[in-house]
Amino acid sequence: MAFDNTKRTLWSNILSTIGLLAIMGAACMPLLRMGTGTAKYIYAAGAAMVLAGKFIMPVNKEWAVRLRRLMRMEIWTALIFVVGAVFMFLPGTDWIAFTLAGGVLTLYTSIMIPKQKINQE
């Protein structure tokens, strides 16, 4: 059964939002010294959800080049969160730097994509 673009967009938004909330919650847990062992798995699940959500997002070939690049940047942002999840399992590594980098890129793309869509119309 093939999904049309509206269903793909809906599922992409749902997966990405839940995944980002899971990443945010899991990043706060070690900083608040609670549930450090489970935080790794919540973070990894959230990163996987964000990655899946960004991969299923439909991209229209008629969109402007800059808008398509911003959509691709979201996939790289999800990969940065996946690297942060891997570093969370390694002792003594700085996973928070990848979380902050992914957060900054997510913030940038969440501002610029709607702006580009409005300018294109």
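One can find the structure itself at the top, above this paragraph.
The model shown is predicted, which means the values in this text are computed figures rather than measured ones.

Chemist: Hey, could you go over the packing of helix α2 (residues 36-55) against helix α3 (residues 65-89) for me, with residue numbers and the actual values?
Modeler: Two elements in contact, α2 and α3, have axes whose closest approach is 9 Å; the angle formed by their N-to-C orientations is 160 degrees. Considering the angle they form, α2 stands roughly antiparallel to α3. Seen from above, α2 lies across α3 with left-handed handedness. Within the contact between the two elements, α2 uses A39, K40, Y41, Y43, A44, A47, V50, L51, K54 and F55 and α3 uses E74, I75, A78, L79, F81, V82, G84, A85, M88 and F89. Split into classes, the residues belonging to the contact of α2 with α3 amount to 16 nonpolar, 1 polar and 3 charged.

Chemist: Please set out the packing of α3 against helix α4 (residues 95-120) residue by residue, giving values where relevant.
Modeler: At a closest axis distance of 9 Å, the pairing of α3 and α4 adopts a crossing angle of 165 degrees. In this view, α3 runs roughly antiparallel relative to α4, as classed from their interaxial angle. Considering how the two elements wind past one another, α3 and α4 form a crossing that is left-handed. Partitioned by chemical class, the residues of the contact of α3 with α4 number 16 nonpolar, 9 polar and 3 charged.

Chemist: For helix α1 (residues 5-31), give the residues involved together with the corresponding values.
Modeler: Compared with the 39 Å implied by 1.5 Å per residue over 27 residues, the 39 Å span of α1 between its first and last C-alpha is a close match. Close packing links the buried residues of α1 with α2, α3 and α4. Positive backbone phi, approximately 55 degrees, marks R33, located one or two places after α1.

Chemist: Could you give an account of unusual backbone geometry, with specific residues and numbers?
Modeler: The residue R33 is not glycine, and still its phi comes out positive at about 55 degrees. Residue position: R33 is located in the loop between α1 and α2.

Conventions we followed
- Residues numbered from 1 in each chain as written.
- Predicted model: local features only at pLDDT ≥ 70, side-chain atom pairs only at ≥ 80, totals over all residues.
- Heavy atoms only, no water.
- Axes fitted to C-alpha atoms, helices over the stretch in contact; angles between N-to-C directions.
- Helix = DSSP H or I, 4+ residues; strand = E, 2+ residues; numbered from the N terminus.
- Parallel < 35°, antiparallel > 145°, perpendicular 65-115°, else oblique.
- Left-handed = near helix turned anticlockwise from the far one by under 90°.
- Contact = heavy atoms within 4.5 Å.
- Nonpolar A, V, L, I, M, F, W, Y, C, P; charged D, E, K, R; others polar.
- Expected span 1.5 Å × (residues − 1).

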